[in-house]
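An overview of the molecular structure
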Amino acid sequence: VYMLGMEEDDKFCFDYSADGGITWTEQQCWKSPDDFTAKSWYDDVSTEFQVNTSSLAIRFRCVGTTGDNKDDVLIDKISVQGSN
């Protein structure tokens, strides 16, 4: 994950849906500067969650506090693993 243009108190969040995207659960948010520094690459960022569904959907979103809409997050090599 590479955060670009993220100001103080901006967040990058991971959400999941167990109903194909009708409703969403916020799993984890990473906040600047507490959890990351802008313009730095972070390898092996991970989160774990449990959901029992065959209609899993995931999303990533930025939550900006300044309203300038210049927040970017670059993501590479996503892996989703499941078990029964």
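Everything discussed here concerns the structure shown above.
One numbering rule holds for all chains: residues counted from 1, following each sequence as written. In keeping with the model being predicted, local features are shown solely for residues with a pLDDT of at least 70 and side-chain atom pairs are shown and tallied solely at 80 or more, while totals for entire chains, interfaces and linings include all residues. Hydrogens and water molecules were not included; the side-chain quantities draw on all heavy atoms of the structure.

Some words on the environment of Leu74
- With respect to the helices and strands, the residue Leu74 is situated in strand S5 (residues 72-74).
- Take Leu74: its relative accessible area is 43%, and that puts it in the partly exposed class.
- Distance from Leu74 to Leu4, taken between C-alpha atoms, is 7.8 Å for residues 70 residues apart in sequence.
- In what follows, residue pairs with any heavy atoms lying within 4.5 Å of each other are defined as contacts. Leu74 has contacts with Val1, Tyr2 and Trp41, leaving out every residue within four places of it along the chain. Helix numbers and strand numbers start at the N terminus; a helix is a DSSP run of H or I with at least 4 residues, a strand a run of E with at least 2. Each residue is placed in one exposure class: buried if its accessible area under a 1.4 Å probe, protein chains only, is under 20% of its type's maximum, exposed if it is over 50%, and partly exposed if it falls in between.

Looking at the nonpolar core
- Here the nonpolar core consists of buried residues drawn from Ala, Val, Leu, Ile, Met, Phe, Trp, Tyr and Cys, with membership extended through side-chain atoms lying within 4.5 Å. Formed by Val1, Met3, Met6, Phe12, Phe14, Trp30, Phe36 and Val73, the largest nonpolar core amounts to eight residues.
- Beyond its immediate stretch of four places on either side in the chain, Met6 contacts Lys11, Phe12, Ser32, Phe36, Ala38, Cys62, Asp71, Asp72 and Val73.

Comments concerning unusual backbone geometry
- Omega for the bond connecting Ser32 with Pro33 falls within 30 degrees of zero, at 0°, which places this linkage in the cis form.
- Even without being a glycine, Lys77 presents a positive backbone phi close to 60°.
- Looking at the secondary structure, you find Lys77 in the segment after S5.

Some thoughts on the packing of aromatic side chains
- Note on aromatic contacts: the rings of Phe and Tyr and the six-membered ring of Trp form a pair at centre separations within 6.5 Å, being stacked when their planes are under 30 degrees apart, edge-to-face when over 60 apart, and tilted otherwise. Tallied over the full model, the rule gives six aromatic pairs.
- A ring pair is formed by Phe12 and Phe60, whose centres lie 5.9 Å apart and whose planes are at 5°; its orientation type is stacked. Note that Phe12 is positioned in strand S2 (residues 11-17) and Phe60 in strand S4 (residues 57-63), a separation of 48 residues in sequence.
- Judged by centre distance (5.4 Å) and plane angle (45°), the rings of Phe14 and Phe60 are tilted. Of this pair, Phe14 sits in strand S2 while Phe60 sits in strand S4; the two residues are 46 residues apart in sequence, bridging distant segments of the chain.
- For Phe14, a relative accessible area of 7% puts it in the buried group.
- One aromatic cluster is present, formed by Phe12, Phe14, Tyr16, Trp30, Phe49 and Phe60 through successive ring pairs.

Observations regarding the environment of Trp24
- Here Trp24 shows up in the loop between S2 and strand S3 (25-31).
- Judged by its relative accessible area of 30%, Trp24 falls in the partly exposed class.
- With residues near it in sequence (within four places) discarded, Trp24 still touches Asp15, Tyr16, Ser17, Ala57, Ile58 and Arg59.
- Pairing of N or O atoms within 3.5 Å defines a polar contact, subject to two protein rules: one partner must be a possible hydrogen donor and the other a possible acceptor, and residues neighboring in sequence count only if both atoms are side-chain atoms. Engagement of the side chain of Trp24 in a polar contact is seen with the backbone oxygen of Gly21, the distance being 3.2 Å.

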